[in-house]
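# Structural features, examined
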Amino acid sequence: SFFLQSALQPNLAQLFELAHENGLTTSLDVGWDPTETWAKNPHLAPTLKHVDYFIPNQDEVQAILDNAQHPQDLAKSVYGTLIVKQGKQGATAYNHDHILATVSSLPVEVVDTTGAGDAFNAGFIYAHIANQLPIEQAMNFAAACGAQAVTNVGGASNAPNADQIRDMMAGTNTPKE
C-alpha cells in the first residue's frame, strides 16, 4: 500500500529501479490515500516509472486521475502494465497504448470484501510471474482469487490453495451465488 508507507515513498522508485537492475519484477497496489493528495504525491509518478505491474482498483485510478481522464492515460505513466480491478465487473489490463485483456469476475455471494484486492494481486503474481501464464489467464485466476476472498469474513481467513481456485474456475467448487 503505497500511500500508507510514507517513510518508504521517497526511496521506492530507487528501490524498484534496483530491483530491475537485479532482474526482479516489481508490482504495486497503492491502496486508499488517507491524505487524498493522490497524483500530487511527489513520489508516485517516479515510482510508477519502475513498476512492472501496477494493480489499483477502479476507485483509486479515478482518484489518481481526478476523474478527468481514462485509465489508458494512467497506463502511459507506468513502466509496464496497469491492471485495474473493477470488483464484480472484473478487471482490465492496459499497456501504454491499448487494452491487453479484460476479464469477468465470478458470480459469488459476497460476505465481506476485505482482502479481495490483495487476493487478486497475489493470485495474479502467482499465476503470471511464478507460473508464467499469459496475462489474460493470470487475470482470470486472480479474479477467481478475489471472488473466493469475498465469500468469507476477513481478509486472510480460509485462504484457498491453487487447486481449490482452479476447481472454482472449473465450476466444480463454486461458492453460492
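Note that the coordinates shown come from a computational prediction; the quantities given were computed from them, not determined experimentally.

## With respect to the packing of aromatic side chains
For the structure on display, the rule yields 5 aromatic pairs. Relative to W38, the ring of W32 lies with its centre 4.7 Å away and its plane at 80°, an arrangement referred to as edge-to-face. The partly exposed category is assigned to W32, whose relative accessible area is 42%. With a centroid separation of 5.6 Å and 35° between ring planes, the pair formed by Y126 and F141 is classed as tilted. Of this pair, Y126 sits in helix α5 (residues 116–130) while F141 sits in helix α6 (residues 135–149), and the two are 15 residues apart along the sequence.

## Thoughts on the nonpolar core
Of all hydrophobic cores here, the largest spans 21 residues; its most connected members are L28, L48, F54 and L74. Only α1 (9–21), α2 (44–48), α3 (58–65), α4 (71–75) and β3 (81–85) provide two or more residues apiece to this core. By residue number, the principal contributor to this core is α3, which donates 4 residues. In contact with F54, other than residues within four places in its own chain, are L28, V30, L48, I64, L74, V78, T81, L82 and I83. If you look at the next biggest cluster of nonpolar residues, it comprises 20 residues, including Y53, A93, A144 and A162.

The rules behind these values
- As a convention, each chain's residues are numbered from 1 in the sequence order in which they are written.
- Side-chain atom pairs in this predicted model are given and counted only at pLDDT of 80 or more, local residue features only at pLDDT of at least 70, and totals for whole chains, interfaces and linings cover all residues.
- Only hydrogens and water are set aside when side-chain values are computed; all heavy atoms of the structure are taken into account.
- Pairs were defined over the aromatic rings of Phe, Tyr and Trp, the Trp ring being its six-membered one, requiring ring centres within 6.5 Å. Orientation was assigned from the angle between planes: stacked under 30 degrees, edge-to-face over 60, tilted for the rest.
- Relative accessibility under 20% of the residue-type maximum defines a buried residue, over 50% an exposed one, and the middle range a partly exposed one, all with a 1.4 Å probe and only protein chains included.
- Secondary structure elements follow DSSP: runs of H or I of four or more residues count as helices, runs of E of two or more count as strands, with numbering from the N terminus.
- For this analysis, a nonpolar core means a set of buried residues of the types Ala, Val, Leu, Ile, Met, Phe, Trp, Tyr and Cys, connected via side-chain atoms within 4.5 Å.
- Should any heavy atoms of two residues lie within 4.5 Å, those residues are considered in contact.

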